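Structure assessment
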Amino acid sequence: MILQLNHLPKKTSGASAQDIVATLQSMLEEGHLEQEQFANLCVHLDWIQYKQNFREPVMVVACAEQNSGGLPFFEVHVDLRQIVQGALRPELLKAMAPANPEFGHHAPATDDRVLLEEFQPFRTSIAWRFNHLYWQRLAEWERSTGHGYEEALPGGRSDANHPRAVGDGVADFWTLVRDLETKKQLPSELFVLEIGVGMGTRAGLWLDGFQKLDRERGTNYYPRVRFLLGDYSPATLERSKAAVRAHMEQCSFVVLDALNPLQTLSFLRHKIQHIHMTNVYDNLPDEEMARRDGRLYLVEVRAYLPATDAERIAQEFGLAQRDLARCIERLLEAGPEHFGDRARGVGFWMQVWAAMRLEEQLVCVDELPAEALPPELDRSRLDEMLREAPSDVRFHVSTGALESFRNTLPLLSTRGYLQVQDIFVTQWSEYQLGFHGPGKLDGSIVNWVNGLLLRETAERAGYDLHFAPFRYREGSRTSILFTTQRE
Amino acid sequence: MKLPILPTSVVGSYSMPGWLERLKTEYFARRISRHDLDEIHDNAVKAAIKDQEAAGVDIITDGELRRDNMMDYFLERLPGVQIDRSSKKFYYDFYNCSVQGKLPMAALGVAGDFQFLKNFTEHEAKFCVTGPHALTKRIHNEFYPNEEALATDLARALNLELKELVKAGARIIQIDEPYYSGFPDDLDWCVKVLNTLVEGVDAKIVVHICYGNRYGKPTWEGSYRYLFPRILEAKVHQLTLEFARRGGEDLDLFREFKPPFELGVGVIDVKTQAVETADTVAERVRKALEFVPAERVTVLPDCGCFHLPRDIAFAKLCAMVEGTRQVRKELGQ
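Source: prediction; values computed, not measured. (Residues numbered from 1 in each chain as written. Chains lettered and ligands numbered in written order. Predicted model: local features only at pLDDT ≥ 70, side-chain atom pairs only at ≥ 80, totals over all residues. Heavy atoms only, no water.)

Moving on, we get to the overall build of chain A. Per the secondary structure count, chain A includes 15 helices and 21 strands. A principal-axis box enclosing the C-alpha atoms of chain A has dimensions of 80 × 55 × 40 Å. Intrachain contacts of chain A at a sequence separation of at least 6 include 78% that bridge at least 24 residues. Carbon together with sulfur atoms contributes 49% to the accessible area of chain A, which is approximately 20,300 Å² in total. Positive and negative side-chain charges of chain A, numbering 52 and 68 respectively, have mean locations separated by a distance of 7 Å. (Helix = DSSP H or I, 4+ residues; strand = E, 2+ residues; numbered from the N terminus. Contact = heavy atoms within 4.5 Å. Areas by Shrake-Rupley, 256 points an atom, 1.4 Å probe, with all protein chains shown as cover. Lys, Arg positive; Asp, Glu negative; His and termini not counted. Charge placed at Lys NZ, Arg CZ, Asp CG, Glu CD.)

Here it is, written out as structure tokens:
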């Protein structure tokens with residue numbers, strides 16, 4: 001049996017590594033496991049950073065194909081943060097029964113849960129439709145919780161709006177513009193794009209700062225600035241106008257998809273001097289892969305509600321349990337007003353979201369069509385990149401971030417640069433030292449971004465990628481990604 | 001070989017297939033042999049020749065598929081240039097290289113690659129050589145007093161190679177100088193060095209100057225105005241410039257300065273995968289003809305098709321040929 005401790009234990013939990021080994025051993029002795037299965041078990045002990053997430057305290061991940069060879073029969077993931085004293089054994093028995101029905105003494109998986117979809121890559125899971133609903137109906141969610149979404153962020157505010165960070169960004173941009181002027185390459189218009197503008201606070205601070213600096217230094221660059229505020233929500237763009245009202249002459253408001261800004265802004269190909277994004281990549285559709293015994297697997301998921309939660313929600317909202325899945329579908333299609341009383345609809349939405357879990361299975365990548373992977377990651381490229389990685393590793397593919405990145409870089413001018421504030425994994429070893437999502441942040445999904453794959457992609461596109469720690473807030477996990485031209 | 005009016009050509013590189021990129025990188029990782037890579041290159045070049053011929057291009061190249069990039073192919077063959085072979089991870093990366101003493105005067109030995117091209121086509125063939133100014137910018141100079149001195153010796157060595165190419169049957173040689181646009185202040189000495197490079201070379205000399213195409217994106221911005229009037233002193237036959245991506249504004253310079261050389265007009269934007277229609281190409285050619293007579297115009301893409309997928313590159317060349325044919329018809333040809 002392999003026991004992987006995927007975090008640096010700092011806090012006490014309801015179970016220890018020793019408890020888990022002892023419990024599994026007793027299950028073996030009692031006939032709940034076969035000797036061979038015990039020997040091939042891979043047990044991962046995690047500390048799920050996000051209080052709200054998609055996992056049970058104990059989760060079993062099985063391989064979809066029985067004949068893949070080399071893979072342990074199943075993996076067991078124990079969340080040491082969720083597990084409570086005395087619950088380890090029943091949780092283990094409950095979780096392992098469906099993966100091993102012939103030895104289990106519990107009902108099969110589908111009896112203790114209400115399934116919301118079939119197994120599929122995470123990027124297409126129903127979970128992202130909830131995420132979409134959240135951003136489309138943010139105001140209703142906020143009304144119901146009584147707090148703004150930024151308050152749910154670590155530190156209670158967005159790192160995008162940190163005045164010193166914005167100030168440094170302004171100074172960097174001014175330096176670039178100055179250099180362009182020195183080299184007689186100053187364009188008549190200086191395009192700046194922010195994707196995912198939220199309340200427009202950062203855009204407002206940036207424009208205030210640039211105008212002030214420009215005045216102080218007497219350079220008169222400000223009138224050349226064309227600041228594009230981009231977001232996929234027209235309502236968000238509308239709300240952002242208040243924050244930049246002193247600079248309306250300089251601003252344009254563009255509805256765009258962060259996955260493909262080029263589609264909307266193709267007329268600005270090679271023309272934008274600076275593009276900024278904060279906490280956009282961590283909220284784009286993603287999926288994970290795992291390498292086990294030298295083979296690559298895609299992690300497929302299936303969303304469900306645990307039966308006890310489903311029963312409770314159905315009862316509270318006067319629904320038959322069998323109608324729950326249909327009701328959730330209507331919520332995602334029509335929004336909370338489907339319930340007539342919007343507040344009640346939001347209540348239903350929040351409860352379903354809080355209860356929703358993701359079951360996982362591994363599918364060997366060799367058995368998937370080539371288009372299942374992003375174009376940057378064909379098998380040979382992926383193998384090349386993974387040479388540096390630990391032999392057994394589970395990592396984010398960051399499908400959405402890669403797509404966005406690929407469709408953003410062509411907008412940059414010859415001296416232009418992209419700056420992204422987000423949560424990045426920048427060393428393969430980090431994946432063995434902690435859980436990096438997906439988690440739930442209020443009504444949205446949060447996922448760390450695989451900076452290693454972005455770096456490789458950037459290099460092939462002619463950019464070097466750098467990651468600097470966000471030093472403006474103590475304890476921040478945010479990094480600042482920025483690009484430089486590659487020779 | 002008689003060429004039609006408004007002959008079509010390519011700037012040099014053809015689409016680099018993903019499989020060839022991987023195999024080139026495998027070679028650097030010592031997982032395939034030089035012999036195998038040479039055979040792979042031969043076959044890739046034959047395919048590139050066939051594509052250009054099938055598209056109907058009049059003056060073709062070998063697609064430059066043997067080259068890792070436009071610099072290293074020459075730098076690693078230049079006697080006296082020290083190459084750090086550990087400095088490359090991906091085949092397309094540049095080597096770090098230096099010059100620590102006076103360059104010996106010897107040819108580079110690339111004429112064989114031109115001979116290979118000639119063996120497999122009946123079309124007019126062109127060979128492209130990276131110019132001394134661009135090569136100088138990639139070399140860490142530890143010997144010469146300044147860049148001009150290094151570039152002049154590079155030009156002398158390359159001159160020997162150009163003469164070897166002529167001996168091998170090359171009648172059109174293109175000199176690629178994309179770094180002119182990034183270092184316009186160098187132009188005074190660049191033209192002198194260019195003339196040293198082509199001295200006594202009995203071939204049609206084309207000079208290609210663009211705004212960069214590394215990784216399929218522009219490296220610099222600006223106007224070709226910086227070239228004039230100094231470039232008029234260059235002893236070359238044709239200037240090949242990009243106009244599709246940047247628009248035709250700078251065509252006016254040909255009316256203003258009436259240069260003694262022909263114009264190679266870029267009508268295909270190689271930095272986008274959107275395929276031009278033949279009508280768009282025809283419009284761009286007609287625009288060029290407002291400034292330069294048809295007898296002195298060659299039609300090309302803006303730059304090499306290296307970064308375009310093969311099907312896109314082929315479709316773009318087909319559009320270029322078809323659009324040019326439309327204009328020829330209008331001219332009664």
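From this point on, the discussion continues.
Regarding its fold elements, chain B presents 10 helices and 10 strands. The C-alpha atoms of chain B give a radius of gyration of 19 Å, which matches the 20 Å a tight globule of 333 residues would have. Counting only C-alpha atoms and orienting by the principal axes, one finds that chain B spans roughly 55 × 40 × 35 Å. Expressed as a percentage of its 333 residues, the buried residues of chain B come to 59%. Of the contacts made within chain B by residues no fewer than 6 positions apart, 77% connect residues no fewer than 24 positions apart. As displayed, chain B offers around 12,900 Å² of accessible surface, 49% of which is attributable to carbon and sulfur atoms. Placing the 44 positive and 50 negative side-chain charges of chain B at their respective mean positions leaves the two points 1 Å apart. (Rg over C-alpha atoms; globule rule 2.2 N^0.38 Å. Buried < 20%, exposed > 50% of the residue type's maximum accessible area, 1.4 Å probe, protein only.)

Tallying the contact residues gives 16 residues for chain B and 18 residues for chain A. Interface area, chain B with chain A, both sides summed: about 1,600 Å², of which 42% is carbon and sulfur. At the junction of chain B and chain A, the tally comes to 5 salt bridges. Its salt-bridge partner being Arg-486 of chain A, residue Asp-93 of chain B comes within 2.9 Å of it at the nearest N-O pair. Linking chain B to chain A there are 10 residue pairs in polar contact (both at pLDDT 80 or more). When grouped by side-chain class, the residues that make up the side of chain B that touches chain A number 5 nonpolar, 2 polar and 9 charged. (Buried area = accessible area lost by both parts, 1.4 Å probe. Salt bridge = Lys/Arg side-chain N within 4 Å of Asp/Glu carboxyl O. Polar contact = N/O pair within 3.5 Å; in protein donor to acceptor, adjacent residues only side chain to side chain. Nonpolar A, V, L, I, M, F, W, Y, C, P; charged D, E, K, R; others polar.)

So, about the sheet that holds strand β7 (residues 204–209) of chain B. All names here are of chain B. If you trace the 7 strands from one edge of the open sheet to the other, you get β1-β4-β6-β7-β8-β9-β10, paired in parallel fashion. The strands lining the two open edges of the sheet, one partner per strand, are β1 (59–60) and β10 (297–301). Bridge analysis of β7 against strand β8 (residues 238–242) gives 4 bridges, and the strand direction is parallel. Directly across from Val-207, in β8, lies its bridge partner Leu-239. (Pairing = 2+ DSSP bridges.)

Residue and element names in this part refer to chain A. Between helix α4 (residues 126–136) and helix α12 (residues 342–355), the least distance of the axes is 12 Å, while the angle of their chain directions is 140°. The angle between the axes of α4 and α12 places the two elements in the oblique class. In this structure, the crossing between α4 and α12 has a hand that is left-handed. Along its contact with α4, which presents Ala-127, Phe-130, Leu-133 and Tyr-134, the element α12 presents Trp-349, Val-352 and Trp-353. Taken together, the residues of the contact of α4 with α12 sort by class into 7 nonpolar, no polar and no charged. (Axes fitted to C-alpha atoms, helices over the stretch in contact; angles between N-to-C directions. Parallel < 35°, antiparallel > 145°, perpendicular 65-115°, else oblique. Left-handed = near helix turned anticlockwise from the far one by under 90°.)

In this section: the confidence of the model for chain B. Predicted confidence across chain B gives a mean pLDDT of 96, with 100% of residues reaching 70 or more. Two summary scores accompany this predicted model of the complex, namely pTM at 0.89 and ipTM at 0.86. (pLDDT = per-residue confidence, 0-100.)

Moving on, we get to the packing of aromatic side chains. Residues and elements named next belong to chain B. Counted under the stated rule, the structure contains 36 aromatic pairs over all chains. Seen in terms of ring centroids, Tyr-73 and Phe-74 are 4.9 Å apart; in terms of plane orientation they differ by 90°. Their pairing is edge-to-face. Of the two residues, Tyr-73 and Phe-74, both sit in the buried class. Taking 5.0 Å as the distance between ring centres and 85° as the angle between the ring planes, the aromatic pair formed by Tyr-92 and Tyr-215 counts as edge-to-face. Here Tyr-215 lies in the loop between β7 and β8 and Tyr-92 lies in the loop between β2 (81–84) and β3 (96–99), a separation of 123 residues in the sequence. (Phe/Tyr/Trp six-rings, centres within 6.5 Å; stacked < 30°, edge-to-face > 60°.)

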